Amino acid sequence: MSAEARVKFLLNGHPQEVPCEDARILLDLLRDDLHLTGTKRGCDLGTCGCCTVLVDGRPTLSCLTLARLTEGRSVTTIEGLTPPQGLSAVQRAFVDLGATQCGFCTPGFVVTATALLEENPRPTRAEIERAISGNLCRCTGYIKIVDAIAAASRSSG
Amino acid sequence: MHLDPFELHRPTTVDETVRLAGALAGRFDFLAGGTDLLPNYKMHLNLKPHLVALEDVDELRGFSADRLGAMARLADLERDPAFAATWPSVADAVGEVATPLVRASGTVGGNLLLETRCFFFNQSYFWRASLGFCLKADGDRCHVVPQKEVCYATHSGDLAPALMVVDAEVEVAGPAGRRRLPLADLYDAKGDGVRRLTLAPGELLVAVHLPRAARGRRGRYKKLRVRPAYDFPELGVAVAGRWTGDRVEELRIAVGGAEPRPRRFDTLTDALVGRTLDDARLRELAEAIGKSVRPVHNTFLLPDYRRRMVAVYVRRAVAEAREGTAG
């Protein structure tokens, strides 16, 4: 690919145009080039869900997405889900209910949970468990994570 | 992990894709959802200098009750209750593929054409170099069955058996035009874990067609795996059939996740048409299928266990399909 290859997309609501080789992975572009390090690199193979971002509102594993294929799309990272002041309902519930331990998996869980509540504002516990089954918490703090997502679903309208 | 450089192509029509595939002969991979190919590329497994991304090819997208585009996303199928009611075995299998996040990107075509898997293949370059490479990538021998020059890597898709029991056909496009073939014939009966498909070089999977005649079959797909949240199948059993009372009108059973290709057992099941499938006969059928399936020691669970579980899963899948509601 020529040296001037670029990708143009909407990042957290703002137009972005950055140099990008064909083989560049979205996660690497976000973290290494754009310094948005809220999106975490866990397994790097699509198993753990730590790198989840929204592409056109859809939860997406950024470690398995070619950055150039986001051309013209809208990418939202954990930074973009955080309001200018304070926290989102999901983030607030994670804090209030102590749904983090080491915190490494938290951005992925928050992004997945945000997409779930967008699609299904009042999920059952079983629906929450199924929705987050692609996000791994190695501290195994799942009960509080499910509690927090359920609480967020009650707090938002 | 960074990917080695490749050139990315983004055709927008099937014709353009086929032309590109011809021009890049042998030097490219198709990229569908990327959830299988890109992890393999990160592990330096059979890298190619070109990737042909299929997501802009309109004709490959979307699905209906009769047709699944090759690029139809598994998560979209999963969210369609009408589809699940019509094709229960397929809906079961879709919901069992990997995780919701993988299904958000993963596609029907990608799952059908999933790379075969093996404990000695799905490893990092360093790991494989240390042991010595194998037939499936970079080497010339098999670590599973060293006496033979055959690859035993396992078909690990969930959709194939579930679609085979409803007699699905696939539509492919290639340099010689379009053709349709039974899905079961997509997998090479004379092949192995490397030469696993009957597709000609440069042929592209366009769609899966679901025959109206198979609508209303009761169906079930059951999957054996270590971690129910996301593992590949150690075994997958699909059943679809029609019953009048206890009498079998139609019955199809397919097994995947156990051998280099998914297989249907028509000789055994056709013999039951018109007869009553009581517990003893079901047990007999399950044992016969279990005896003919030959897993090898290339996944997490031991082959003897996987083999014995074939009969158990066949029994359970048939019993549950029969109890299930017709579409």
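Residues numbered from 1 in each chain as written. Chains lettered and ligands numbered in written order. Predicted model: local features only at pLDDT ≥ 70, side-chain atom pairs only at ≥ 80, totals over all residues. Heavy atoms only, no water.

Asker: I keep staring at the overall build of chain B and nothing clicks. Help me out?
Answerer: Within chain B, the secondary structure is distributed over 12 helices and 11 strands. Relative to the compact-globule value of 20 Å for 327 residues, chain B shows a C-alpha radius of gyration of 19 Å, a close match. Dimensions of chain B, computed from C-alpha atoms along their principal axes, come out at roughly 60 × 45 × 35 Å. For chain B, the proportion of its 327 residues judged to be buried stands at 56%. Considering only contacts within chain B whose residues lie at least 6 apart along the sequence, 64% involve residues at least 24 apart. (Helix = DSSP H or I, 4+ residues; strand = E, 2+ residues; numbered from the N terminus. Rg over C-alpha atoms; globule rule 2.2 N^0.38 Å. Buried < 20%, exposed > 50% of the residue type's maximum accessible area, 1.4 Å probe, protein only. Contact = heavy atoms within 4.5 Å.)

Asker: How do you make sense of the environment of B:Ala129 when you look at a structure like this?
Answerer: All names here are of chain B. Here Ala129 is to be found in helix H8 (residues 125–131). In this structure Ala129 comes out as partly exposed when scored by relative accessible area, which is 37%. Between the alpha carbons of Ala129 and Ala280 there is a distance of 50 Å; along the sequence they are 151 residues apart.

Asker: Even after reading the chapter, I still don't get the interface of chain B and chain A, so can you show me in this structure?
Answerer: Many analyses report the size of an interface as the accessible area lost when the parts associate. Residue-level contacts link 35 residues of chain B with 34 residues of chain A. The junction of chain B with chain A conceals about 2,600 Å² of combined surface from both sides, 58% of it contributed by carbon and sulfur atoms. Run the count over chain B and chain A and you get 5 salt bridges. Where B:Glu55 meets A:Arg73, a salt bridge forms, and the shortest distance between an N and an O atom there is 3.1 Å. Taken together, chain B and chain A are joined by 12 residue pairs in polar contact (both at pLDDT 80 or more). (Buried area = accessible area lost by both parts, 1.4 Å probe. Salt bridge = Lys/Arg side-chain N within 4 Å of Asp/Glu carboxyl O. Polar contact = N/O pair within 3.5 Å; in protein donor to acceptor, adjacent residues only side chain to side chain.)

Asker: Quick question: what am I supposed to make of helix H12 (residues 303–323) of chain B here?
Answerer: Residues spaced three or four apart along an α-helix point in a common direction, a consequence of the helix completing one turn every 3.6 residues. Residues and elements named next belong to chain B. Between its first and last C-alpha, H12 extends 30 Å over 21 residues, near the 30 Å set by a 1.5 Å rise per residue. At Val310, H12 shows its maximal kink, close to 25°. Of all the positions in H12, only Pro303, Arg306, Met309, Val310, Ala311, Val312, Tyr313, Val314, Ala317, Val318, Ala321 and Arg322 are classed as buried. (Expected span 1.5 Å × (residues − 1). Bend = angle between axes of the 7 residues up to and from the residue.)

Asker: For this particular structure, what's the right way to read the nonpolar core?
Answerer: As a rule of thumb, nonpolar side chains are buried together in soluble globular proteins. The biggest cluster of nonpolar side chains holds 58 residues, and the ones touching the most others in it are A:Leu66, B:Leu51, B:Val108, B:Leu112, B:Leu159, B:Leu163 and B:Leu183. The element that contributes the greatest number of residues to this core is helix H9 (residues 159–164) of chain B, accounting for 5 residues. Judged by nonpolar contacts, the second largest core, of 30 residues, contains A:Cys48, A:Val90, A:Val110 and A:Ala150. (Core = buried A, V, L, I, M, F, W, Y, C linked by side-chain atoms within 4.5 Å.)

Asker: Help me out: how do you make sense of the packing of helix H3 (residues 89–96) of chain A against helix H6 (residues 142–155) of chain A in this one?
Answerer: Helix packing geometry: the angle between the two helix axes and the distance between the axes. Residue and element names in this part refer to chain A. Across the interface, H3 lies against H6 with an axial gap of 8 Å and an inter-helix angle of 135°. Taken together, the axes of H3 and H6 lie oblique to each other. H3 and H6 meet at a crossing whose hand is right-handed. Contact residues: Ala89, Val90, Ala93 and Phe94 in H3; Ile145, Ala148, Ile149, Ala151, Ala152 and Ser155 in H6. Counted by class, the contact of H3 with H6 contains 9 nonpolar, 1 polar and no charged residues. (Axes fitted to C-alpha atoms, helices over the stretch in contact; angles between N-to-C directions. Parallel < 35°, antiparallel > 145°, perpendicular 65-115°, else oblique. Left-handed = near helix turned anticlockwise from the far one by under 90°. Nonpolar A, V, L, I, M, F, W, Y, C, P; charged D, E, K, R; others polar.)

Asker: Even after reading the chapter, I still don't get unusual backbone geometry, so can you show me in this structure?
Answerer: Glycine aside, residues mostly have negative phi angles, and peptide bonds mostly take the trans form. Positive phi, close to 65°, is recorded for A:Asp44, a residue that is not glycine. Note that A:Asp44 resides in the loop between helix H1 (26–33) and strand S3 (52–55). Accessibility expressed as a relative area gives 4% for A:Asp44, which makes it buried. Despite not being glycine, B:His44 shows a phi value in the positive range, around 60°. Here B:His44 shows up in the loop between helix H2 (37–42) and strand S3 (50–53). Residue B:His44 is classed as partly exposed on the basis of its relative accessible area of 28%.

Asker: Mind showing me how you'd approach the sheet that holds strand S8 (residues 218–224) of chain B here?
Answerer: The strands that make up a sheet are held in pairs by hydrogen bonds between backbone atoms, and each pair lies either parallel or antiparallel. Residues and elements named next belong to chain B. Strand order across the open sheet formed by 4 strands is S8-S9-S10-S11, with antiparallel pairing between neighbours. Because the sheet does not close on itself, it has two edges, and the strands there are S8 and strand S11 (263–264). Across 2 bridges, strand S10 (residues 247–256) lies against S11 in antiparallel orientation. Note on S11: the bridge partner recorded for Val255 is Arg263. (Pairing = 2+ DSSP bridges.)

Asker: I keep staring at the domain arrangement of chain B and nothing clicks. Help me out?
Answerer: All names here are of chain B. According to the domain assignment, chain B contains domain 1 (58–212) and domain 2 (216–323). One C-alpha centre belongs to domain 1, the other to domain 2, and the line joining them spans 19 Å. Facing 37 residues of domain 1, the contacting portion of domain 2 comprises 34 residues. Of the roughly 2,600 Å² buried where domain 1 meets domain 2, counting both sides, 59% is carbon and sulfur surface. Counting across the interface, domain 1 meets domain 2 through 6 salt bridges. Between Lys223 and Asp158 there is a salt bridge, and its shortest N-O distance comes to 2.8 Å. Sorting the residues of the side of domain 1 that touches domain 2 by element identifies helix H5 (88–96) and H9 as the ones contributing at least two each. The dominant element in the side of domain 1 that touches domain 2, judged by the number of residues it contributes, is H5, at 5 residues. Each residue belonging to the side of domain 1 that touches domain 2 can be placed in one class, and the counts come to 21 nonpolar, 9 polar and 7 charged. (Domains from an automatic or database assignment.)

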